[in-house]
Amino acid sequence: MGFALICFISGLIGGLVLAPADYQQGDSFRIIYIHVPAAWMSLFIYTFMAINAAILLIWRVKISEIIIRSSAILGASFTFLALATGSIWGKPMWGTWWVWDARLTSELILLFLYLGFIALQSAFEDRRIAAKTGAVLVLVGVVNIPIIKYSVEWWSTLHQPASISKLDAPSIHIDMLIPLLLMAIACKAYFFSVMLIRCRREILAYESNTAWVKETLIRNGDHT
Amino acid sequence: MTSLSMFITILKCDMLLAYRNRHDLINPLVFFIIVMVLFPLALGTDSALLQNINVGVIWVTALLASTLSLDSIFRSDFEDGTVEQYTLANQSLILIVLAKITSHWLSFGLPLIIIACSIAAFLSINIHVISTLFITLLIGTPILSLIGSVAVALTIGLRGGMLLSLLILPLYMPVLIFSMLAVNHASENLSVEAELYFLTGILVLALTLAPLATAASLRIRLS
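Enquirer: What exactly am I supposed to notice about the overall build of chain A here?
Expert: Within chain A, the secondary structure is distributed over eight helices and zero strands. Counted from the first residue to the last, chain A has its helices and strands arranged as α-α-α-α-α-α-α-α. Looking at chain A as a whole, 45% of its 224 residues are labelled buried. Across chain A, the fraction of contacts at a sequence separation of at least 24, relative to all contacts at a separation of at least 6, is 73%.

Enquirer: Explanation requested: the packing of helix α3 (residues 62-94) of chain A against helix α7 (residues 174-206) of chain A in the structure shown.
Expert: Axes are the key here: two packed helices are described by the angle between their axes and the distance separating the axes. Residue and element names in this part refer to chain A. It is at 9 Å that the axes of α3 and α7 come closest, and there the two elements cross at 130°. As the angle between them shows, α3 and α7 are arranged oblique. Crossing of α3 against α7: the hand is right-handed. Facing α3, whose interface residues are Lys-62, Ile-63, Glu-65, Ile-66, Ile-67, Arg-69, Ser-70, Ser-71, Ile-73, Leu-74 and Phe-78, α7 presents Cys-187, Tyr-190, Phe-191, Val-194, Met-195, Arg-198, Cys-199, Glu-202, Ile-203 and Tyr-206. Its residues assigned to classes, the contact of α3 with α7 comprises 14 nonpolar, two polar and five charged.

Enquirer: What exactly am I supposed to notice about the pattern of salt bridges here?
Expert: Side chains that carry opposite charge are capable of pairing whenever their charged atoms lie near each other. Residues and elements named next belong to chain A. Counting across every chain of the model gives seven salt bridges over all chains. Across the pair Glu-65 and Arg-128 runs a salt bridge whose closest N-O atoms are separated by 3.3 Å. Taken as a pair, Glu-65 in helix α3 and Arg-128 in helix α5 (residues 127-141) lie far apart in primary sequence, 63 residues in all. The class for Glu-65 is buried, based on a relative accessible area of 3%. Taken together, the shared-partner salt bridges in this structure form one network comprising Arg-69, Arg-127 and Glu-202.

Conventions used here
Residues numbered from 1 in each chain as written. Chains lettered and ligands numbered in written order. Predicted model: local features only at pLDDT ≥ 70, side-chain atom pairs only at ≥ 80, totals over all residues. Heavy atoms only, no water. Helix = DSSP H or I, 4+ residues; strand = E, 2+ residues; numbered from the N terminus. Buried < 20%, exposed > 50% of the residue type's maximum accessible area, 1.4 Å probe, protein only. Contact = heavy atoms within 4.5 Å. Axes fitted to C-alpha atoms, helices over the stretch in contact; angles between N-to-C directions. Parallel < 35°, antiparallel > 145°, perpendicular 65-115°, else oblique. Left-handed = near helix turned anticlockwise from the far one by under 90°. Nonpolar A, V, L, I, M, F, W, Y, C, P; charged D, E, K, R; others polar. Salt bridge = Lys/Arg side-chain N within 4 Å of Asp/Glu carboxyl O.

Here it is in structure tokens:
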């Protein structure tokens, strides 16, 4: 969490103050420092959930179901953030809040997949069955990930093509790139720390009848 | 019993059941027609506007009707314990699931295609567009049944069809997108091959993976 905060602050200062303004878009391009990391995270978390879903269904590892359950709401938040900042960015640049562009639409589908997963989780009494059915859903929805990733290359649309993932020759200036990467690291660190906190809660709640949980709670006081 | 004869037996049994419960069969189709009628009532009878949105309305209504009809694909079997017998059977569950999906498509998708195309003819849509609509529905409705069966297996035994629609509709979107692209290109006299290839690709993918996922989720729900 502390690490995330450090990256976050340095990334924000680097992005909002130190980086030069874009020659075309002026200062409003700076929303990129939230938008792009959030969009990356929305894909990353879904892939992460899908990998865990596969682990859960193949090897029946119990921790995976807890990880999936804890990640979903964070993934949904990042997806929403990417869509919201994107539309705030789109208003001055494209002159519209929303267009039915391939990337925007597929990102919206991703949000609905997350929401569907969350709805499915709350529909079951039994957590284990809920997690497993959710895992199947996540794996089915994984088809959407390459569609989002390559949508800007397959369809020529309003959303601009990727300018950062070309690692050998990024088409973005280094002063802009470094804060962006810092923000991306910050978002990843934030995700993992919050996810682990949620996992801890979930495990404690799940095993609340066992002796070790009671011992831990007594040892740590009852601030959980 | 060989796998093939098992497949045919279940398919026959399901088709017979569907035929005996004709009203269940007709309900989604009547729903389809009613929703089609609602649009001119709501948007007015401005024929130029209707001309533009007709095919889209047909497709969206088909998606909604399919979510409603899918609800029944495993329900009675789940309630009377037949699904458990299927999982215990000495046959691949995937094949049994595929038989159920095929019978659903035959009893829902096929009539829907016929009704949709005849409605399209009544709405005086250009014949070239109707033929494209026919092809997209022919490729698209099996995908709807296949993808839908996964979501149905996941939510089986739960109350409320709302959750089912919530899970299914996002997964339907790619089919809708490519079908509408094809239809729009057809109305502008452009080539529709690329979209049809894409749709067929989705169909092949769904045909390979959806029965697998459905079988897995049925097993999970019964465990």
